[in-house]
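A look at the structure
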Amino acid sequence: MATLSEIYTMEEAALHNTKEDCWVVIDGKVYDVSAYLDEHPGGDDVLLTATGKDATDEFEDAGHSKSARELMEKFCIGRLTNLRKPFPE
Ligand code: HEM
């Protein structure tokens, strides 16, 4: 299992975009939610729509609870590199 110290590019994270291998990127962190698709109270379809891209807005729009935010850390496998965007746009 990878650890939080893993650094990914968005391109690499976006390759994991299937039901069997589903990563989502939220607020610069990368989550492997493959094992959570069937458990997600919001359904697997929203996660499958949110995979392969930055899903921060969708995640925030859903108004997730504090416990959801704690739970998601179990699925965190690393974070995005910021090397491609060293300065704010
Ligand atoms: C690791 C990532 C995620 C975890 C652990 C997670 C967990 C949860 C949990 C526990 C709930 C139940 C309500 C609550 O406690 O807030 C929930 C609801 C929901 N989630 Fe997520 N979620 C994740 C990612 C996402 C993403 C990326 C989206 C959108 C693309 C999303 C969309 C929703 C929606 C729409 C609901 C509301 C369902 C309803 O009220 O009928 N979630 N999620």
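A short tour of the structure in this document, coming up. Only a predicted model underlies this, so the values are computations on that prediction, with no experimental measurement involved.

About the thresholds
Residues numbered from 1 in each chain as written. Predicted model: local features only at pLDDT ≥ 70, side-chain atom pairs only at ≥ 80, totals over all residues. Heavy atoms only, no water. Patch = residues over 30% accessible without salt bridge, like charges linked within 9 Å, V, L, I, M, F, W, Y side chains within 5 Å. Areas by Shrake-Rupley, 256 points an atom, 1.4 Å probe, with all protein chains shown as cover. Salt bridge = Lys/Arg side-chain N within 4 Å of Asp/Glu carboxyl O. Lys, Arg positive; Asp, Glu negative; His and termini not counted. Charge placed at Lys NZ, Arg CZ, Asp CG, Glu CD. Helix = DSSP H or I, 4+ residues; strand = E, 2+ residues; numbered from the N terminus. Buried < 20%, exposed > 50% of the residue type's maximum accessible area, 1.4 Å probe, protein only. Near = heavy atom within 4 Å. Polar contact = N/O pair within 3.5 Å; in protein donor to acceptor, adjacent residues only side chain to side chain. Nonpolar A, V, L, I, M, F, W, Y, C, P; charged D, E, K, R; others polar. Phe/Tyr/Trp six-rings, centres within 6.5 Å; stacked < 30°, edge-to-face > 60°.

1. Here's the deal with a negative patch on the surface
Negative charge collects at one region of the surface, where Asp27, Asp54, Asp57 and Asp61 lie side by side. Of note, aspartate 57 is situated in helix α3 (residues 56-61). Overall, aspartate 57 belongs to the exposed group, its relative accessible area being 56%.

2. Re the site of the ligand
Around the ligand sit 15 residues, and of these Tyr36, His40, Glu58, His64 and Ser65 come closest. Separating a nitrogen atom of the ligand from a side-chain N or O atom of histidine 40 is a distance of 2.8 Å. A distance of 2.6 Å separates an oxygen atom of the ligand from a polar side-chain atom of serine 65. Sorting the residues of the shell around the ligand by element identifies α2 (44-50), α3 and α4 (66-72) as the ones contributing at least two each. A total of 3 residues in the shell around the ligand trace back to one element, the largest contributor, which is α2. When the residues that make up the shell around the ligand are grouped by side-chain class, the tally is 10 nonpolar, 4 polar and 1 charged.

3. As for the packing of aromatic side chains
Counting across every chain of the model gives 2 aromatic pairs. Here the aromatic rings of tyrosine 8 and tryptophan 23 are separated by 4.9 Å at their centres, their planes lie at 65 degrees, and the arrangement is edge-to-face. One end of the pair, tyrosine 8, is in strand β1 (residues 7-8); the other, tryptophan 23, is in strand β2 (residues 23-26), and 15 residues separate them in sequence. Residue tryptophan 23 is classed as buried on the basis of its relative accessible area, which comes to 8%. Measuring from ring centre to ring centre gives 4.9 Å for tyrosine 36 and phenylalanine 75, while their planes differ by 40 degrees; the resulting arrangement is tilted. A residue pair is termed long-range when its members are at least 10 positions apart, and tyrosine 36 in the loop between β3 (29-32) and α2 and phenylalanine 75 in the loop between α4 and β4 (76-80) qualify at 39 residues. Each member of the pair tyrosine 36 and phenylalanine 75 is classed as buried.

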